[in-house]
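Residues per chain, in single letters:
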Amino acid sequence: MSRISSVLTTVVATTACVCVSAAPAAAGEPVVSRGVTIPAFYTPPAELPAANGVLVRHEPLRLGLSLPGLDGRRLPGTATRLMYTSTDSGGQRVAVTGAYIEPSARWTGAGPRPLVVVGSGTMGQGDQCAPSLALEHPLTLNGQTVSLGYENLAVHRLLSTGAAVVVTDYVGLGATDRLHTYVNRLDQGHAMLDAARAARTVPGASVTTASRVAMYGYSQGGGASASAAELQSAYAPDVPLVGTYSGAPPADLTEVMKGIDGSALAGALGWSINGFAQAEPEVRKVVEENINATGRAALKDISTACVGDAILGHGFTRSTEWTASGKSLGEIIAREPGAQAVLDKQRLGMTKPTGPVRLATGVQDDIVPHEQARRLAADWCERGGDVTYKAVRLPNLGDKLLTNHLAPLLTDQGDAVEWLTDRLAGEPATSNCPAVPVRD
């Protein structure tokens, strides 16, 4: 396979460039990202309510994949576009967008209709990549950007169980006031928990404060759902969390950087650097002092890219091409204590998760490395967590091609949905912590 990276440049931008690309050119003008005009709905108001999980605005959302039902209701349900409040990693109020879907299917389990919060896998950093927009436009292909709503399959499977679903766009993905803070542990976990709060206040929603809540996520979403499970007891004890699915979670960003550098998804390294440079002065300083002109151009380009754009434009690039010294970004960050501390703060597994968690990871995964995900399960077990660990065993489908990372998403999805549905119905989980291996 040819090195796509040698044809086109690489990953996300310096903070100055990022801030320019994330905001409207002038007040009142629409935001256009790679030829896609972002609806005005996604521009947050100047002032936000003081509490977390407050619904700021809402409007009907047309699902791109839906059918008329026999009773006149659309299948799989009726969607509402949302903007709600959350708190970012700096402790500041932030607007987050997303979508709530009231299912057409009846809930036949115990208790009132439950709610599943879906944290999408990696979609990109451009606002046009937002998961809520992907529900409306499952495929965006305009010659400037390529975005595929691959998580729509999971959303539809969850809705078919009779559970309601709320999808979060995370901080800054969709909302046009800032750049998406990719894989930021606090931002993602807060956005998931506050989405559950906001869903309960959507006009016409059947979920209430008594509805059981579950978290679902794979890859970036697996990290987000894992973070939500860890944060729930302190941040959102009012959210009755009864189960969490965390697939292929990026639990240790230092290890994940090694996996994605030089891979088909090398652009994800730029998304994370861009997001942390926006929020963390220590990372911003490292970027400004070490990134060369090629790297700056690549970082700027990736700041508006979706996954398809990143693969086509920056796949298999090594970060050594972006630095003045020729050292990888991982090497540079490791020798900068302040920047390394930022990554260390993102580590999952330091806190016992609320409720039962099902953690699945492919043993061949070399993008979000299997070993660091397995270690998260072991860390949770050591802290008394109720963990069901699943090692997904598939043949090696190609080094650094994304295939080893994506295949378990599909092969394990049915079991994941079934496991969550059982938790939402009130059935107890059976932890297999004693059997979690030291190494697979």
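Everything here concerns the structure above.
A brief look at the structure comes next. If you're wondering where the values come from, they're calculated on a predicted model, not measured in any experiment.

## Let's talk about helix α15 (residues 413-424)
Given a rise of 1.5 Å per residue, twelve residues ought to cover 16 Å, and the 16 Å separating the end C-alpha atoms of α15 matches this to within 8%. Restricting attention to buried positions, one finds in α15 the residues Q413, A416, V417, W419, L420, R423 and L424. All buried residues of α15 lie within an arc of 160 degrees about the axis, which places them on one face of the element. Looking at the residues trailing α15, positive phi occurs at G426, about 90 degrees.

## Considerations on the environment of V167
In this structure, V167 sits in strand β11 (residues 164-171). Separated by 36 residues in sequence, V167 and P131 place their C-alpha atoms 7.3 Å apart. Ignoring sequence-local partners within four residues, the contact set of V167 consists of T97, G98, A99, V118, P131, L135 and V155.

## Description of the sheet that holds β11
Read from one edge of the open sheet, nine strands run β3-β6-β7-β11-β8-β12-β13-β14-β15, paired in mixed fashion. Among the strands making up the open sheet, the edge pair consists of β3 (55-61) and β15 (387-392). Geometrically, the sheet is characterised by an average inter-axis angle of 20 degrees between neighbouring strands, direction not taken into account. In this sheet, strand β7 (residues 93-103) lies alongside strand β6 (residues 77-87) in antiparallel orientation, the contact comprising eleven bridges. What sits directly across from T87, in β7, is R93. On the sheet, helix α4 (residues 185-199) packs against β3, β6, β7, β8 (115-119), β11 and β12 (213-218) and is oriented at approximately 125 degrees with respect to β6. Across the sheet, helix α13 (residues 370-382) touches β14 (357-362) and β15, and the angle it forms with β14 is around 160 degrees.

Calculation rules
Residues numbered from 1 in each chain as written. Predicted model: local features only at pLDDT ≥ 70, side-chain atom pairs only at ≥ 80, totals over all residues. Heavy atoms only, no water. Helix = DSSP H or I, 4+ residues; strand = E, 2+ residues; numbered from the N terminus. Expected span 1.5 Å × (residues − 1). Buried < 20%, exposed > 50% of the residue type's maximum accessible area, 1.4 Å probe, protein only. Arc of directions from axis to C-beta. Contact = heavy atoms within 4.5 Å. Pairing = 2+ DSSP bridges. Axes fitted to C-alpha atoms, helices over the stretch in contact; angles between N-to-C directions.

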